[in-house]
Structure formats: structure tokens, C-alpha cells
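The primary structure of each chain is shown beneath.
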There are 2 protein chains.
Amino acid sequence: MVKPIKLYTWGTPNGHKISIFLEILQLPYEVHSVDITKNESKQEWFVKLNPNGRIPTIEDPNTGITLSQTGAILQYLADKYDTDLKYSYKYGTPEYYKTLEYLIFQVAENGPIQGQANHFKVYAKEKIQYGIDRYINDTKRIYGVYEDILSRNAANQSLYLVGSHYTVADFALFGWANRLERLEIDIHQWPLLSKWFTKLAEISEVQKGLTVG
Amino acid sequence: MVKPIKLYTWGTPNGHKISIFLEILQLPYEVHSVDITKNESKQEWFVKLNPNGRIPTIEDPNTGITLSQTGAILQYLADKYDTDLKYSYKYGTPEYYKTLEYLIFQVAENGPIQGQANHFKVYAKEKIQYGIDRYINDTKRIYGVYEDILSRNAANQSLYLVGSHYTVADFALFGWANRLERLEIDIHQWPLLSKWFTKLAEISEVQKGLTVG
């Protein structure tokens, strides 16, 4: 019997990556909202859990593990709870590492760059055109790379980033792709990403995950 | 007999992370310089290896695996070649996931933010004070988080990010900490990071890795 995993989160793309994957894996979890608009993630009690002071963070009473960084949390959940490999590939295989490469591409480039684009376009108090252009252009470049990645998986109708099923690399990207509208970037300009996005958005667990935070 | 791993790289912090770890593991490798100042990483032959068009990338003839993203490459090298766990922790343990968390913190926050600081302070053709301040301040915040992380490992004299020995989390951070001077940020302002940095910089394999590219 799996005990509920504690999920400290807020309704952001990074938070949704984790709630979506918990739903997909049909794991029990308890949501602890951390209101980042009130700087709750910088409070001492939370920094004890995550020195970086950012959501999401999980505490898993089944293993005693406390973990932050979406890339690490997704990998952990896949390793520990996707033991029948429905949403991952066997440890040590080429597909396992390709999934890790694209997951890290998401957390190390897509997320940070799209996040900076949000900052300059939506949140910054000064309008800095240089910053808007720099990060919007790089965000578009990155989705172009994902279009290329999907094109390399024609053997599987370009439906998944890696192999013949969804993985954490797909769910991580979906969390951010779902917020492209905010930048007035239309994901449907990329034909393969358009199909990929539409199919993922139809999954009921994905829809439910997007309501959490 | 391990066949030489092909390393496509250039003398950047991300390139050095991998050459340092290959040296640490005493693995044979062949350096293929990819001159990013001539946009060689955007050429078709390289994009076939890495759709993102960025160094470093490895091709391992021992497994047939081609891999990009430093976080994925470091994890792969540790999994595959550090089987006696000198620089990693056993798969599935709390220390394994804490190492992954801090490795991902490096590739998802330290690297991208310090990279943007480099852009605005060193490379940008226009001087945008807003960008300089934004990314210099966040770079300092992130090193402050690493200082906190080291402080939590007092049981091991705060010499390592996780547990009782170096891991990929340390080597990844070192690659970027080594370039803080460029931002006129002195790592010795953080007492624990100062000691951590000095000790790592003395290791001959680390010094050798820094010459590659």
C-alpha cells in the first residue's frame, strides 16, 4: 500500500510537471500549496526542505526521501513507481539515457529560457526590448529543436520524444508548452509539436494535473 | 578494455565538466574540438549528433550511445564507469537522488543564470544594466544556496555537496565556479565554497580537464 506522497507546489509549469506525472502514475498524493506570490517558498520551514527555496518539492513517506528540482523528482518517480516501464525505459538502455538527455534539455534550456521570456515580456516593471527579443527568439529556437527531435521518431508517428510511449521528457515539456500562449507563441506553427501537444492535452490525468497548485 | 570515448567539446565551463570527469574516472577519450566561435556546433553533421547544436556531446563506442546535455552525460559516465562508487552513490539510495537534485540544480539554475550573466556583462553589444544586475544578483544567490548546501554536510567537514566524497554534482559546479572571476565575483566570499573550490582546484585530474577543448 503506497502512502500518499507530500507535494509542495503552486500552479506553475514546474509544479504542474509533477502533479501531471503523479496523476499519470495514479499515485496517492497530498497537495501542500506554497503561495509563491507571498514568498512562502523562501520561508525557513520550506528552505529546510529545499535550500533553493523553490517549488515543487516532494516528501515520500514510503522511502523517507525529500527531493526538489523537477528533473530529479520526475526521474525518482519513474525509477521508483514505474516499475512496469509504461512511462520509462529500462535503466542503462540507450532509450533511458535519451529520455534523460531530453528531460535535462527541458529543465536546463526550455524551462530557464522560457522563464526569462516570461519575465521580460509579462512581469518586468521596465520594458526591455533587448531582453524580450533575446528570450522569445531562443524559446522559439528551442521548440524548433523539439520539432526536430519528434521528426527523428517517425517510426512511432512522431508522437513521443523517445521510443514508443510517453516519458518524463514529454510530461516535463508539456508543462511549459502549455504556457506558450502567455508569450503569444502558437505551438501549432510546428506541425509535429502541434499533434504531440493536442494528444497530450486530451489525456484526463494531464488535465487533472493542470488543476493542482 | 575500454575503447576511447569520443568527446566533442570546446573550452567552455560545460565542456570542462565532462573532460574533468573523464580524467577523474581515468577513462580513455579522444577530443574532437568543435569551434563554437565559428558556429561549428550548428553544422549539419553536429546537429545529427545533438539536435540542440551545442557542445559537449559524447559518442561511446563501448555501448553505441550518443549523448548530449552535461547532466545526462555525467550521470551516464557515473552509472556506467564508476561501478565501484568512488564518485557516486548506489542507484536508488537517498544519496543517489540528492546528488541528482544538486546536479540538476547546477544544470537548470547555476549554469543558465551564470551564462546569462556572462552574456549581459561580457558579451552583449549593448550595455543593459537591468540584465547585468538581474543575472549577477541571481548568480550570487545561487552560490549562497550552495554555501547552505555545504553547511548541511558538516558531518563531512563541508568538503562535498553530498555525503563523504565528490560526485558529479561537485564536478559540474566546479566547471562554472572556475569562471566566476569573469563576473568579478569572488568565490572566497563564501567560506565553505572557498575551501571546497581550493581543494578541488588542487586535484591534478581537474587541472588536466581544464586544459581540454
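Just so you know, these numbers come straight off a predicted model, no measurement behind them.

**Re the domain arrangement of chain A**
Residue and element names in this part refer to chain A.
Then, number 1: You can read the domains of chain A as domain 1 (5-86) and domain 2 (94-203).
Then, number 2: Each of domain 1 and domain 2 has a C-alpha centre, and these two points are 21 Å apart.
Then, number 3: The interface is formed by 17 residues belonging to domain 1 together with 15 residues belonging to domain 2.
Then, number 4: Around 1,300 Å² of area is buried between domain 1 and domain 2 when both sides are counted, 68% of it from carbon and sulfur atoms.
Then, number 5: In this structure, the connection of domain 1 to domain 2 is made through 0 salt bridges.
Then, number 6: At the junction of domain 1 and domain 2, the tally comes to 4 residue pairs in polar contact (both at pLDDT 80 or more).

**A short note on the interface of chain B and chain A**
Size of an interface: often given as the accessible area lost when the parts come together.
Then, number 1: Contact with chain B, which involves 48 residues of that partner, is made by 49 residues of chain A.
Then, number 2: Buried surface at the junction of chain B and chain A, both sides included, amounts to about 4,100 Å², of which 57% is carbon and sulfur.
Then, number 3: When the buried area of chain B at its contact with chain A is split by residue, B:Pro51, B:Tyr97 and B:Tyr130 rank highest and sum to 16% of it.
Then, number 4: Inspection of the region where chain B meets chain A yields 2 salt bridges.
Then, number 5: Of the charged contacts, one joins B:Glu109 and A:Arg54 as a salt bridge, the two residues approaching to 3.2 Å between their closest N and O atoms.
Then, number 6: Here chain B and chain A share 27 residue pairs in polar contact (both at pLDDT 80 or more) between them.
Then, number 7: Class assignment for the residues of the side of chain B that touches chain A results in 25 nonpolar, 10 polar and 13 charged.

**Digging into the relation of the copies chain B and chain A**
Then, number 1: Mapping chain B onto chain A calls for a rotation angle of 180° and an axial translation of 0.0 Å; the resulting RMSD is 0.0 Å. Both chain copies can therefore be described as sitting about a two-fold axis. Considering only C-alpha atoms, the part of chain B nearest the rotation axis is B:Ala108, at 2.0 Å.
Then, number 2: When you check the interface residues of chain B against chain A, 100% turn up at the interface there too, and the contact is symmetric in its surfaces.

**Some thoughts on the side chain of B:Thr139**
Residues and elements named next belong to chain B.
Then, number 1: Assignment of secondary structure puts threonine 139 in helix α5 (residues 129-151).
Then, number 2: A distance of 2.7 Å separates a polar side-chain atom of threonine 139 from the backbone oxygen of tyrosine 135.
Then, number 3: The residues contacting threonine 139, other than those within four sequence positions of it, are Ile113, Gln114, Ala117, Leu180, Leu183 and Ile185.

**A short note on the sheet that holds strand β4 (residues 65-68) of chain A**
Residues and elements named next belong to chain A.
Then, number 1: Across the sheet, which stays open at both edges, the 4 strands sit in the order β2-β1-β3-β4 with mixed pairing between neighbours. Of all the strands in the sheet, just β2 (29-33) and β4 have a single pairing partner and so form its edges. Taken over all neighbouring pairs, the strand axes of this sheet differ in orientation by 15° on average, direction set aside.
Then, number 2: The pairing of strand β3 (residues 57-60) with β4 spans 4 bridges and is antiparallel.

Reading guide: rules and limits
- Residues numbered from 1 in each chain as written.
- Chains lettered and ligands numbered in written order.
- Predicted model: local features only at pLDDT ≥ 70, side-chain atom pairs only at ≥ 80, totals over all residues.
- Heavy atoms only, no water.
- Domains from an automatic or database assignment.
- Contact = heavy atoms within 4.5 Å.
- Buried area = accessible area lost by both parts, 1.4 Å probe.
- Salt bridge = Lys/Arg side-chain N within 4 Å of Asp/Glu carboxyl O.
- Polar contact = N/O pair within 3.5 Å; in protein donor to acceptor, adjacent residues only side chain to side chain.
- Nonpolar A, V, L, I, M, F, W, Y, C, P; charged D, E, K, R; others polar.
- Least-squares fit on C-alpha atoms with pLDDT ≥ 70 in both.
- Helix = DSSP H or I, 4+ residues; strand = E, 2+ residues; numbered from the N terminus.
- Pairing = 2+ DSSP bridges.
- Axes fitted to C-alpha atoms, helices over the stretch in contact; angles between N-to-C directions.

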